[in-house]
Structures are given as C-alpha cells and as structure tokens.
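Understanding the architecture of this molecule
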Amino acid sequence: MVIDWLPSVLIVVLLALGVIGALRRVSLWRAGQPEKVNLIAGLLAMPGRYLKDLHHVVERDKYMSRTHVATGGGFVLSMVLVLIVHVFNVQQQIVAWALIGALLIMLTGAFFVFKRRLNPPERLSKGPWMRLPKSLIIYSLTFIVLTLPAAGILPDASGSVLMIAVLSVGIVIGLGELLFGMGWGGPMKHAFAGALHLAFHRRSERFGGGRSTGLKPVNLDGDVLGVAKPSDFKWNQLLGFDACVQCGKCQAMCPAFAAGQPLNPKKLIQDMVVGLAGGTDANYAGSPYPGKEVGNAKGGPNEIITAGLVSQETLWSCTTCRACVEECPMMIEHVDAIVDMRRFLTMEKGETPNKGSEVLENIIATDNPGGYAPGSRTNWAADQNLAVMKEKKETDVLFWVSDGAFDMRSQRILRAFVKLMKHANVDVAILGDEERDSGDVARRLGDDATFQSLAQRNLATLGQYKFKKIVTTDPHAYHCLRNEYADFDKEGALEGVEVLHHTTFLNQLVQSGALKLDAFKGGKVTYHDPCYLGRYNGEYEAPRELLRSLGIEIAEMERSGFRSRCCGGGGGAPITDIPGERRIADMRMEDASTTGAELVAVGCQQCTAMLEGVVEPRPVVKDISEILVDQLAEEVH
Amino acid sequence: MPHKVISLISVGRHPQSGRSRRADQDSRAVELGLKLAGTDLDVVHAGSSQEPVLRQYAGMGLPKVTVLEQDESADALVSIADYLKSEKADIVLTGVRAESGESSGMTPYILSEQLGWPIVARVADIVDIKEGEAQVLLALPRGQRRQVTVKLPFIASIDNAAEAARQSAFGPGLRAKMDSQKGSTVEDSVRVDWSEAPAKARPKRLKIVKAKTAADRFKAATAKPQGGSGKVMKNESAQEQAQAIFDLLIEEKVIR
C-alpha cells in the first residue's frame, strides 16, 4: 500500500523534531554561568541516582511511585523497541511481543495517572498536565495496535488505508507529546531535563544518602553579586528549574504558602523557567503566589528578575526551612535560588526590607544583630564561673554560646545547658567576648560579604585554641560551623573538630551514664524539630532519645521529623516580616496543640522565641536542656 | 538649572562597639544630598582614600567619592575650605557634629565664616529650591519644625531628625571610584597637643518625678517646655546681666 511507510516516517520525523527541540533547550541552559561538573561521571551515575535517590523520595507516595515506574519504565522500554520494530524493521515476533508487553505496562501506569487526574489535588498543576495521561494512553494503544501484526496476532493491516490513517493520528498525538513535547517544553520536558539534572546536579553529595545543605559562597570580586538575571544562575541551576514536574509537593509543605504570604515554591521555579526561556507566566496552570494574580509576570534570560518576573516580597517570604527541597522528587534546590536572588537585592541594590538593613548594619558594626556592645557578650555568664578560652587555651568542649547571650529568654537555655555540663563534669570553656555572630542571619539575608567576614574572623579566633568539640545550643550557628565555615577554613581551625548540637552532646552524656536523670512526671510532651537541626543536619534521633530517656513517650505531631513544619523564625523571616494571612508560628503551635501535648520540647532558641510568641492558652515551650535540668537526679552524699 | 550640592562625610564611630562606621548625621547629609541632586551629588571626604568606611557611604549608590588626601594630623578644614572655594557649590551639607576626632561641631561654622556664606543649623529637610532660594525645615525639639528661607549658596548642618540614610549595598560600594585630590598639609596645631581618653560619665541631675497620676506623667512627657520663668535681659547693664547669671548658677547649685 502507498502509505505503509507513514508510521515509520512519522516516528523518525517526530524523533528528529524532539532532538532539535532538546538541543535548543540545552542552548537555553548554556546561557547560565559556568560551573564545573564532571559530565561523564555524572551521566554514568545518572541511572543509579534516578533509581535510588529520586525514587526514594517518590516512594513516600506509594501510589505515585508505582504509577511512575510503570509509566516511565514502560515508555523507555517501549520507545527503544518501537525504534527496533517500526523503524529498523526487525521482524522477530519475540521483540514485537516484548514491545506489546512494555506498552501494556505503560498503559496500566497511564491509566492510574489518568485516574489521579480525574479529581486532582490542588497542589497539582492543571493545563497541559491534564492532557498528559490521555496522550500516554493514546501512545500505548496506538503502538499496541500497530505492533499486533508484527507479533503475528493480526494479519498485516496494510490493506486498510483508514486504519493506517487513524494510527498515524495516534502516533502524532502520542509521540508528539512524548518526543516533540519533551524537547519543546511540554510536560514531558521533565523526563529529559530531569535526567540531565540528576546527572549534572550542583550538589552531587546529596546522592547516595548524603546531605549537602551549606550555601555556596559568593565570589565577592564578581561583576555582579548574587543573581540579578536568570543568566546569572549557574547553568546547572537553570537545568534544575527545567526539571520541575509541577507536582506541587513543595507548595503543600511550604510554611509561607500556608500562611498566605506571597510565596509558592512551585510557582517560583516555574517563573525561573519563564525567565530562562523568555515570555510570560500566562500558561502557568497551578496555584498562584497567595494574593497575586497569574499572568502579569514577564521575563527573559537577560532581564532583571525582580523587575517584572518575581516580586521582592516573594523572595523575602522564604524561611529557608528547606521543606520544599526535602520534598522535591526532582531534587531541585529552591533555597539556593532564593538566597542567590536575595544576594543581589542586598549586596547590589541595598533593598533588604523592614528591619533587614538595621540588623545588617548592627552585625557589621557590633558583630551581633541587636547592636549590643560586643564587650557585654559574656554578661549573661557573670554568675556561671565558666572558663574563657583566652585564659584556658585548651579544652575538651568549646561551648559556642551564639547571640542567645544577649536575649534573656535564651539565657535560660544557656544556663540550663551549662548546669547540665557542670553536672557531668565536662571540661568546657567559652570564647567569651571573642565570639562573634556566626553570620547565619547575614547570609540568609543575602549579605554574603558580611557572612564571609564573620566566618573568617571567627575561624581566626578558633584557630588560636585547642579543643576537641564545639557544642552549641543554636542550630543555626551549628549549621554554619558544621557546613558553611569549611569553605573559608584555610588554616584548618576546625579540622578534626567535632561540631555538635547540644541535644546530640547531651544524649552522649546521658547514654554514657555521665548524666543521671529522674523520670519526667509532667503531662504529654511533643517535640518540634528545628529545621536547621533536622533537615539541614539530619539530627532527628538524639533529641527524641533524650526525651525517651526521661521516660517520655513523645506525642508526635503530624508533621515531624524530615517533614517538620518551620516555626517561621529562619532565614531572617522575622526580620523582613512579609505580611501574610496567618502567622507561621501560630500554625505550628496549632500542630502541637492538636496532639494534646502540654509541653512542646524544642532544641532551638529561635524556635523557642517564635513558639512562645503565640498567644495563650497554648502548651508550654521549653528547650530540651531546660527539661533535662529539672530532672537532674539529686546526688546522695 | 540643577544645583550643585556637596555632602561632607567623615569617619563615624559606633556608640556601642567604638568601631568605625558611616557617621549617622553625615550619612543623613548624603541621603538628603541624593534627594536634591541624585547621583550628581558630590560627596567629599578629607582624609585617606584607603579608609574602608568610605565604601560604606559609597554603597548608598554613589558612583564616586572625592577624597582630599591628607595626613591624619593635617587640618581637614583647610582642605575642605580650599575645595569649596574652587567648586561653585550651591549647597554644602554636613553633620552637626563628627563622631570622631575633635568632634567640636565647629566645621560648618568655620566654613561658613571662611566662605562668607550663611549657615542653617540642625536642618531636618530641604523642601524646595527655586529662584536662588531654598526653603529649609529646621528641626526643633519634640518633633517641631521651623521653616526658613535661605539664599544660595549656604551651608546646612543636618540634624538626626532628617531622613535616615538608605541601606549601604556592598557591591556598588566596592566598585565606587575614589577620586583622590591633593588635600592640605597644614598641620592641625591645636589637635596635635591633645590626647584622647574615654569619657567619664557626666553626673546627671536626679529626675524627681513629681507627677502623681498617669495623666500628669503623660503631660510631662509630651508637653512643650514652658519657658515662663526665664526672662530676656536686653537693656540692663553688663554688670546686672552677669549678676543674674551668677544668681541662677547658685540657685541651681552649679556653684556654691
């Protein structure tokens, strides 16, 4: 028949168009800044990263993981076999059968995608994504029918022109979505960009169960500090944005979104895609930034992002809690992008909102955000009889006090911790007035220059003394010391030093028997995971074990562990204070109240401040060290 | 016609840490200058162009800072006066009092004397400039303002009531040009003999709260200072005027 050749030609044409589109997409990413990535090693590692790391995240939703395995696996396998059977014309029945098998698997998967899309949750994007399951079904059905003759089930259908015509339409729709759409920005783009994103990820340490949470330093000699235009991102960051599947898991977890602040991590990533490709957000079919209409954002690779694409409040709403990053199945780095753009606003424009500029100025002039006299840093410990490194020079444990030293509520935590350490006869000392702000707030507010200066000066101080461990009650300082100072530690001041959060350290003391505690006799207790302890540093167990060692059975909140909801205190959010409909701390306290707990155990002075700021009646908020100190077993003399 | 505005800046000192910073009033003078002249504002410092604090000023969005290079021991006044004579400035803005150095608050006055220009002290805002005259708001205690009209050119010292300085951005500050010019070499002969020591806290008069009710306290905190008991002595002889001051000092127990 005349048009027998049509299906094979269509397949080849669509494949070629798809490749052209893909190359064009690659050129869009290449507009970004250079970043060294081992391309070959990345590509080799990619299948493993997909099967293990990515799937580990998708697996949290069993329905979706099975659906995706069937659909994605079926498609990849069937596509290879389609080429073999229908383009290279390999006439072996067994191959044809294999193809039909792969297509059936895919069809099953596509059916479940379809089912989910019948009544999709709010977090999912609609628009072209609603079309996708239908295209998938059409693709698999079309090729099943097309392959039947090769499998020897149907006689050669070459007789029917009508049949070929219908199948050709199916090929155009199905493969159009899958191959053409993949290259030209359709929903299937996620497969192509996602695979490369996994291969060339900027934080390859995250794969294989690792953790990489420290922000990357800014090159202060650069022409522009931070990210002004999409093309100021690293090329693999742009690639990462393109990998987004718009599943909205980030949106569902984002505390700022839930509070009605103008941030939606999914929309932000989609706006970045608009920026890198150029155009408007008119085609975006997901939830908007709360309080902002979709359709007004415009951008291009070389246009300033905050001049029309993303508003400044959106960037300042983020608490850097990393819930979105933790939840993202494509392992996109939202927080990196947000801080990159904040850096431009702070270091180039000088537009840190609300109290931001005052706090930064204080940090620069006094090394603490409150602008207190640096000489009064150790006043809190006047009655604590603590050794100071300047005199002691060498110690077992260096207690990093952090800026809680200036805050009377936090001082209660500090005193409790000191009492516990004394009780366990720990050889401890503090830096006293030589300590400076860790730089956490400055860095999250985008002032990397000030962060770097603080880090270098703190490291110079630390380098003068000998100690085995640094312990701190502040997870933010803990994160900086443990994950972010290494970039500046040229003299190796922290080399071989164990950086610990006080809950980890106290847990070691309790488990080794150095601290004896009585059982806790209060009411129900719940535990709030601080973001910078949990998601940033993976410490979920020590605080819980401590509470259990008091005989407490923790009434876990629905969102706990790696899914813990932020208190609203991170990332300088209380300083920039972007208005929303609710307060994040109120929502978190509601989580705690729902468990029926009378006491919220916390491991962070910032969380303590935020949660205690919630109006009563509410559970009591106490740092774990405060709870422990009340249960110290009396020594019998 | 745009007016030529010059803001004079000095190295400030943070009250808590004693660390160098952009001086509060001087940075307000820059802020006001930027409002009047935009980036045409000429910002002038007498000292070293290596001074890092100048970058903090420049971070407010100044493309360049004019530095009259001079030793620390040289008299800044001479450098600045020479510079102002050579530039045809319309308005010169300074702080009321420097946060470091002699901190006498005399700079604007001596400059105005040397240039023969009027000075307006403690300015909160310059509202309008037209036909060679500027409408200036002076800051008075308790948020009060007085509007005066001044002929250009003039010198204004900027009060803490003026608009606060904008945030300093690191990047532009780093990249701003330091336009070095030769400053004076005349030694500040007065200051050379001085030695600096931390100030002792001045004794304060005890505040006796007379108010019995909250309403009274509120009134005391908000009411305008009522002169009343003072008197103006214009026509009396010098002898009588001196006697009146002497009596007051005894009455106030300043001298015994």
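A short tour of the structure in this document, coming up. It should be emphasised that the depicted structure is a prediction, and the values quoted were computed from it without experimental measurement. (Residues numbered from 1 in each chain as written. Chains lettered and ligands numbered in written order. Predicted model: local features only at pLDDT ≥ 70, side-chain atom pairs only at ≥ 80, totals over all residues. Heavy atoms only, no water.)

**A few points about the nonpolar core**
Note the threshold: Buried residues of nine kinds, namely Ala, Val, Leu, Ile, Met, Phe, Trp, Tyr and Cys, make up a nonpolar core once their side-chain atoms join them within 4.5 Å. Exposure categories follow from relative accessible area, calculated using a 1.4 Å probe and restricted to protein chains: below 20% of the type maximum is buried, above 50% is exposed, and the middle band is partly exposed. Residue contacts follow a heavy-atom distance rule, with two residues in contact if any of their heavy atoms lie within 4.5 Å.
The biggest cluster of nonpolar side chains holds 93 residues, and the ones touching the most others in it are Y139, F143, L175, F233, F241 and M341 of chain A. With residues up to four places along the chain from it excluded, the contact list for L175 of chain A reads I11, L14, M79, Y139, F143, G170 and F180 of chain A.

**Quick look at the packing of aromatic side chains**
Residue and element names in this part refer to chain A. To keep it simple, the criterion reads: Two aromatic rings, drawn from Phe, Tyr or Trp (for Trp, its six-membered ring), form a pair once their centres lie within 6.5 Å of each other, and the interplanar angle then sorts them: stacked below 30 degrees, edge-to-face above 60, tilted otherwise. Criterion for a charge above a ring: Lys NZ or Arg CZ within 6 Å of the ring centre, and within 35 degrees of the ring normal.
Following the criterion strictly, the structure yields 15 aromatic pairs over all chains and no others. Ring geometry for F111 against F112: centres 5.4 Å apart, planes inclined by 70 degrees, an arrangement best described as edge-to-face. For F112, a relative accessible area of 31% puts it in the partly exposed group. Between the aromatic rings of F233 and F241, the centroid separation amounts to 5.0 Å while the plane-to-plane angle is 80 degrees, which identifies the pairing as edge-to-face. In terms of burial, F233 and F241 fall into one category: buried. The lysine or arginine in question, K267, covers the ring of Y284, its NZ or CZ lying 5.3 Å from the ring centre. In this structure, R322 is placed above the aromatic ring of Y536, and the distance from its NZ or CZ to the ring centre is 5.6 Å.

**Focus: the pattern of salt bridges**
Here is the rule: Criterion for a salt bridge: a side-chain nitrogen of Lys or Arg within 4 Å of a carboxyl oxygen of Asp or Glu.
Inspection of every chain in the model, using the stated rule, returns 53 salt bridges over all chains. Taken together, the shared-partner salt bridges in this structure form one network comprising D340, R343, D440, R443, R444, D448 and E484 of chain A.

**A few points about the sheet that holds strand β10 (residues 620–623) of chain A**
Residue and element names in this part refer to chain A. Threshold: When DSSP finds at least two bridges between two strands, those strands are taken to pair. Strands here mean DSSP runs of E at least two residues long; helices mean DSSP runs of H or I at least four residues long; both are numbered from the N terminus. A fitted line through C-alpha atoms represents every axis, and for helices the fit uses only the stretch in contact; the resulting angles, taken between N-to-C directions, go from 0 to 180 degrees.
The sheet built from three strands is open, its strands ordered β8-β9-β10 with parallel pairing. If you trace the sheet from one side to the other, it starts and ends with β8 (525–528) and β10, each paired once. Adjacent strand axes in the sheet meet at a mean angle of 30 degrees when their direction is disregarded.

**Overview of the sheet that holds strand β7 (residues 119–130) of chain B**
All names here are of chain B. Pairing within the open sheet is mixed, and its nine strands lie in the order β9-β8-β7-β10-β6-β1-β4-β5-β11. Every other strand in the sheet has two partners, leaving β9 (145–151) and β11 (177–182) as the edge strands with one partner each. Direction aside, the axes of adjacent strands within the sheet are offset by 35 degrees on average. As paired elements, β7 and strand β8 (residues 133–139) share six bridges and run antiparallel to each other. Bridge pairing in β8 places I129 opposite A134. Helix α3 (residues 76–86) rests against β1 (5–8), β4 (42–47), β5 (64–69), β6 (91–95) and β11 of the sheet, and its axis sits at about 145 degrees to β4. The strands that helix α4 (residues 107–115) touches are β1, β6, β7 and β10 (154–158); relative to β10, the one it contacts most, it runs at about 180 degrees.

**Concerning unusual backbone geometry**
In this structure, the amide linkage connecting E616 of chain A to the following residue, P617 of chain A, adopts the cis form with an omega of 0 degrees. Along the chain, P617 of chain A turns up in the loop between α25 (605–612) and β10. In this chain, L152 of chain B is followed by P153 of chain B through a cis amide linkage whose omega measures -10 degrees. Of note, P153 of chain B is situated in the loop between β9 and β10. Phi at D367 of chain A is positive, roughly 65 degrees, even though this residue is not glycine. Positionally, D367 of chain A belongs in the loop between α15 (356–366) and β3 (387–388). For R122 of chain B, which is not glycine, the phi dihedral falls at a positive 55 degrees. Counting through the fold element by element, R122 of chain B comes out in strand β7.

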